[in-house]
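Working through the structure, step by step
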Amino acid sequence: MTNCVFCDIAHGDAPSTTVLDTEDVLAFLDIRPISRGHVLVIPKRHSTDLDTLEPALGGAVFAAGQRISRAIRRSDLRSDGANLVVNDGKAAFQTVFHTHLHVVPRWTGDKLRFARGFVTRRLRAPEETAAAIRDGLVRLAAEDADHAG
Ligand code: 5GP
Ligand code: ZN
């Protein structure tokens, strides 16, 4: 265990509902999601904020977030878009000081539900949600293979 909860998650010392796990990057469900399928993407190597994040690793984090966002559109969650956000520093409401990218799925006309999500931030059916996202990633990979072939 460390004094960083996301390092503990990255090292497998704290639980998380994982959607993507690569050599450099881990993506898992936010425990207090703003919308269904709200994912956090982190570099496995600790950095506190954008000042200490290696740009190449930042690239890997964004690439994973981009892929997850595209996967959620193709998943049974059927999102129509997403907000990809980094809260950098206390002034920007960063609360966990291990750099992370939020992927917050959006649906056409979800304004009220989204506003409510900001208040309630309740995690529902995490296993089903994560499974749907992982399935979306499989669909995306199949689509890529189709285009390549
Ligand atoms: P920040 O405001 O720092 O950008 O957001 C931190 C996010 O991490 C919040 O959305 C919060 O719900 C999430 N979070 C905090 N602790 C944990 C945790 O232990 N596990 C998971 N999965 N998410 C966490
Ligand atoms: Zn850390």
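Note that the structure is predicted; figures quoted are calculated from it, not measured.

About the cut-offs
- Numbering of residues starts from 1 in every chain and runs along the sequence as written.
- To label them, take the chains in the order written and letter them from A, then take the ligands in the order written and number them from 1.
- In keeping with the model being predicted, local features are shown solely for residues with a pLDDT of at least 70 and side-chain atom pairs are shown and tallied solely at 80 or more, while totals for entire chains, interfaces and linings include all residues.
- Excluded from the side-chain calculations are hydrogens and water; all other atoms, namely the structure's heavy atoms, are used.
- Segments assigned H or I by DSSP are reported as helices when at least four residues long, segments assigned E as strands when at least two residues long, and all are numbered from the N terminus.
- A 3.5 Å cut-off defines polar contacts: any pair of N or O atoms within that distance qualifies, except that in protein one atom must be a possible hydrogen donor and the other a possible acceptor, and neighbouring residues in sequence count only when both atoms are side-chain atoms.
- Categorising residues by exposure relies on relative accessible area from a 1.4 Å probe, with only protein chains included: less than 20% of the type maximum marks a residue as buried, more than 50% marks it as exposed, and the intermediate range marks it as partly exposed.
- Two residues form a contact once any of their heavy atoms are found within 4.5 Å.
- We call a residue near a molecule or strand when any one of its heavy atoms sits within 4 Å of it.
- One bridge is not enough; two strands pair if DSSP finds at least two bridges between them.
- Axis lines are fitted through C-alpha atoms, for helices just across the contact stretch, and the angle between N-to-C directions can take any value from 0 to 180 degrees.
- Note that water is not among the atoms used; donors are N, O and S atoms within 2.8 Å of the metal (3.2 Å for Na, K and Ca), so sites may look incomplete.
- Key to geometry: four donors with every angle between 85 and 135 degrees are tetrahedral; four donors are square planar and six octahedral where opposite donors lie over 155 degrees apart and all remaining angles lie between 65 and 115; all other sites are irregular.
- The patch calculation keeps residues exceeding 30% relative accessible area without a salt bridge and links them within 9 Å when they carry like charges or within 5 Å when they are nonpolar (Val, Leu, Ile, Met, Phe, Trp, Tyr).
- We get accessible surface area from the Shrake-Rupley algorithm with a probe of 1.4 Å; when it comes to residues, only the shown protein chains can shield them.
- When a carboxyl oxygen of Asp or Glu is within 4 Å of a side-chain nitrogen of Lys or Arg, the pair counts as a salt bridge.
- Counted as positive: Lys and Arg. Counted as negative: Asp and Glu, with His and the chain ends omitted from the count.
- Lys charges are placed at NZ, Arg charges at CZ, Asp charges at CG and Glu charges at CD.

A look at the environment of Asp76
Summarising the element assignment, Asp76 is placed in the loop between α2 (55-74) and β4 (81-85). For the pair Asp76 and Ala63, spaced 13 residues apart in the sequence, the C-alpha separation amounts to 22 Å. Within polar-contact distance, the side chain of Asp76 engages the side chain of Arg139 at 3.0 Å.

Some words on the environment of Thr129
Positionally, Thr129 belongs in helix α4 (residues 126-148). Judged by its relative accessible area of 2%, Thr129 is buried. Residues Thr129 and Thr17, 112 residues apart in the sequence, show an inter-C-alpha distance of 9.3 Å. Among residues more than four places away in sequence, those in contact with Thr129 are Leu29, Arg36, Gly37, Leu77 and Arg124.

Topic: the site of ligand 1
Surveying the vicinity of ligand 1 reveals 17 residues, the closest of which are Asp30, Phe93, Thr95, His100 and His102. Residue Leu29 places a main-chain N or O atom 2.9 Å away from a nitrogen atom belonging to ligand 1. With respect to ligand 1, the side chain of Asp30 contributes an N or O atom lying 2.5 Å from an oxygen atom. Residue assignment for the shell around ligand 1 shows that the elements contributing at least two residues are α1 (5-10) and β2 (25-29). Per element, the largest residue contribution to the shell around ligand 1 is three residues, and it comes from α1.

Things to note about the sheet that holds strand β3 (residues 39-43)
Pairing within the open sheet is antiparallel, and its five strands lie in the order β1-β2-β3-β5-β4. Since the sheet does not close on itself, it has two edges, and those belong to β1 (18-21) and β4, each with one partner. Averaged over all pairs of adjacent strands, the angle between strand axes in this sheet comes to 20°, irrespective of strand direction. Running over the sheet, α2 touches β1, β2, β3, β4 and β5 (101-106) and is turned about 155° from β3. Along the sheet face, α4 touches β1, β2 and β3 and points at about 35° away from the line of β1.

Brief notes about the coordination of the zinc ion (ligand 2)
The coordination sphere of the zinc ion (ligand 2), as far as protein atoms go, consists of Cys4 (SG), Cys7 (SG), His46 (ND1) and His98 (ND1), spread over 2.0 to 2.3 Å. For the zinc ion (ligand 2), the four donor atoms are set out with angles of 104 to 118° between them, so the coordination reads as tetrahedral. For the zinc ion (ligand 2), the donor residues sit on a single chain with the sequence spacing C-x2-C-x38-H-x51-H. Within this pair, whereas Cys4 is found in the segment before α1, its partner His98 is found in the loop between β4 and β5, the two being separated by 94 residues in sequence. On the accessibility criterion, Cys4 (8% relative accessible area) is buried.

Structural notes on a positive patch on the surface
On the surface, Arg113, Arg116, Arg122 and Arg124 cluster together to form a positively charged patch. Here Arg122 is to be found in the loop between α3 (111-120) and α4. Residue Arg122 is classed as exposed on the basis of its relative accessible area, which comes to 52%.

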